[in-house]
Amino acid sequence: MIAFSTGPWFQPLAGLARATFLLCVVTACLSGRAVEVEPPTDGVPESCGDGLLDDGEDCDDGSESAACDLDCTFSDCGDATLNVTAGELCDDGGNSPTCDDDCTVAECGDGLANPAADEDCDDTQQTAVCDADCTVVECGDDTLNELAGEACDDGNRLGGDGCSASCSLPVRLPAAQADVDIELDIFVRFESSSLSGDFNGDGFADVVLGDTEFNGGGFDVGAAFVFFGSAAPDPVFDLDRVDVTFVGEENSDRVGRSVANAGDVNGDGIDDLLVATRDRSNDAGEVYLVYGDPTLTGSVDLSDATAHFVGGGPTDRLGNAAGAGDFDGDGFDDILLSADGSDAGGDNSGAAYVVYGGGFLAGTLNVADADLEIVGENADDDVRAVSSAGDVNGDGIDDLLIGARENDEGGSNAGAAYVIFGSSTRLRGTLDLAFADMKVVGQSPEDRVGTSVAGVGDVDADGFDDILLGVPNTEVGTGTACLIYGSAALTGTISFLASDTKLVGEAEQDFAGSIVAGAGDVNGDGFADILIHAPGNDEGGSNASAVYLIHGPVATGTLDLANADVKVIGDVSDPFGALLAGGGDFDGDGLDDFMAGFGMQQDARLYLGQP
């Protein structure tokens, strides 16, 4: 027998349903077909809603109640059946874009993290780990969270744009607040510095300062002072703290025009030191190579240096030195020198020289016999500034960076900088800079692109090293530093205005970019940082000068140095001079440090890295 429900909702149609159903059954039987009764398609028992508990029902209160849903199942948040009487505002069977799993409407700030509603977290309000928009706190997400230590958040993690890569505002630091003050208490003229080499192999980077007017071994013989790095260095270093003094050979040699970390030239695992004088031998110039050694100490006459590189002729002024990195990919670091008075490409064209490392370089070598001579394109180009570029094209071999600040392609003394790619085939002989792999030129007369050049490491952490060029005479001496990101496609000639980032001085006559340098990774975030010197900046007084630190990655486009991450402000009575160096960890804490110096004074100041 077929039974019909007689619940309240079904009652009005009961008679008609019986008649229709019986007619269908009779018709089907007369036709000889079997009769099958289909169950309700929604799974709800037919008797649901009659107020009587029948088979297949969990409950039946005759209608929705706080305990029983309309489908005669127990009311349970998450069963995908909305029960308003049970206090449910929604029920989508769990979290959904509009409904939380407690059957309340999804809303940021309700204390329930709902991933389906794009909530990473929900602490009811902003906390140190959760932003007010229910996303996990992250510097660069364009949501300021002061509880998480953010002073700003401009929606990126880029330095140099007024909000640093760590979401801090620009820092203004008086020069006197250095971590280490080097005061020699003698009259010195610091003209060069280095802070990247470990010359005694103890695991700490060492400070080297070149003093061209040191008189300890004769009149203006010059010297290079070495201070070995150490954990927890004293706040003041004096003459007694000098670990090694390299002294010039003769009166008026003025050793210390340039000092540089040569890298590991002989492959013994210890960095080697270059010390230069452009005044020796009728201004022919000379560069000394001193091999690193754990036993280095005391006063050393540079006549005892292992190798001497001498200028090709009088007035060549061989006197700028740099480590070239591994320019031929043989596992030994190489040496890069320059002589701005060389006439190899025309009167005072200037020239640079590569001496390949490996084995044991010793004795005296005239740079005319160097492995590679790189000559200026034209007379008076003034090839002078040299640096390793690092590996800018990503081929696994280090490249060279050379500045010719008086090249005229972009106008009289507009200047130029050149990149020469390293090669495992060992470039030899003579190379005219006209055939360099890349050239960056000035845009207007007296721009002086290439006054200072620096390989600065991988600023954007893309696997290619980057380069920084100083252009101090732009815009009535405002000055600019140009950052160019490395790339496998880096080639050809471009204007400095096409650089990826142009960091512009704060005011006319600041001459920003007079010196540029790589800082290493000062804040330990995995991105290389950069340093820029502006000798004419007036914040600390007229021409008190300033040094800017910009943390990588650096924003692209044109940036005002007023927004630099750190500005070290010189004092009018003690302005920054010609010293700027970084890239080494002097105190061994895992963060690189940087140094600025005071050319006509007795001071150099060391600033230790901080997260």
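A. Main features of the nonpolar core. Core analysis: the biggest nonpolar cluster contains 23 residues, and Ile182, Leu209 and Phe227 have the highest contact counts within it. Among the elements of the structure, strand S2 (180-183), strand S4 (207-211), strand S5 (223-227) and strand S35 (603-607) are those that each provide at least two residues to this core. The element contributing the most residues to this core is S5, with 3 residues. Excluding its chain neighbours within four sequence positions, the residues that come into contact with Phe227 are Ile182, Leu184, Asp206, Val207, Leu209, Phe237, Asp238, Arg241, Val242, Asp243 and Phe586.

B. The pattern of salt bridges, seen in detail. Applying the stated criterion to the full structure yields 24 salt bridges. Of the charged contacts, one joins Asp279 and Arg257 as a salt bridge, the two residues approaching to 3.0 Å between their closest N and O atoms. You can see Asp279 sitting in the loop between strand S9 (272-277) and helix H2 (280-283) and its partner Arg257 sitting in the loop between strand S7 (244-247) and strand S8 (258-263), a full 22 residues away along the chain. Here Asp279 falls in the buried class, since its relative accessible area comes to 17%. Between Arg428 and Asp371 there is a salt bridge, with its nearest N and O atoms 2.8 Å apart. With Arg428 in the loop between strand S20 (416-420) and strand S21 (429-432) and Asp371 in the loop between strand S16 (363-366) and strand S17 (372-375), this pair connects stretches of sequence that are 57 residues apart. Taking the relative accessible area as the measure of exposure, Arg428 reaches 46% and is therefore partly exposed. One salt-bridge network, held together by shared partners, links Arg278, Arg317, Asp340, Asp382, Arg384 and Arg405.

C. Spotlight on the state of the cysteines. Overall, the coordinates contain 8 disulfides when judged by the stated rule. Cys59 shares a disulfide with Cys68; S-S distance 2.0 Å. Across the S-S bond of Cys59 and Cys68 the torsion is about 90°, and the bridge reads as right-handed. Residue Cys68 is classed as buried on the basis of its relative accessible area of 1%. One disulfide bridge connects Cys152 with Cys163, the sulfur atoms lying 2.1 Å from each other.

D. How the structure looks around the packing of aromatic side chains. Considering all chains together, one arrives at 6 aromatic pairs under this definition. Between Phe227 and Phe237, the aromatic rings sit 5.9 Å apart at their centres with planes inclined by 25°, giving stacked as the arrangement. Residue Phe227 is located in strand S5, and its partner Phe237 is located in strand S6 (residues 236-237); the two are separated by 10 residues in the primary sequence. A residue is classified by how much of its surface remains accessible, and Phe227, at 0% relative accessible area, is buried. A centroid spacing of 6.4 Å and a plane angle of 15° characterise the contact between Phe327 and Tyr356, whose relative ring orientation is stacked. Linking Phe327 in the loop between strand S13 (318-325) and strand S14 (334-339) with Tyr356 in the loop between strand S15 (351-355) and S16, this pair joins segments that are 29 residues apart in sequence. Joined through ring pairs, the aromatic side chains of Phe227, Phe237 and Phe586 make up one cluster.

Parameters and conventions
Residues numbered from 1 in each chain as written. Predicted model: local features only at pLDDT ≥ 70, side-chain atom pairs only at ≥ 80, totals over all residues. Heavy atoms only, no water. Core = buried A, V, L, I, M, F, W, Y, C linked by side-chain atoms within 4.5 Å. Buried < 20%, exposed > 50% of the residue type's maximum accessible area, 1.4 Å probe, protein only. Helix = DSSP H or I, 4+ residues; strand = E, 2+ residues; numbered from the N terminus. Contact = heavy atoms within 4.5 Å. Salt bridge = Lys/Arg side-chain N within 4 Å of Asp/Glu carboxyl O. Disulfide = S-S within 2.5 Å. Phe/Tyr/Trp six-rings, centres within 6.5 Å; stacked < 30°, edge-to-face > 60°.

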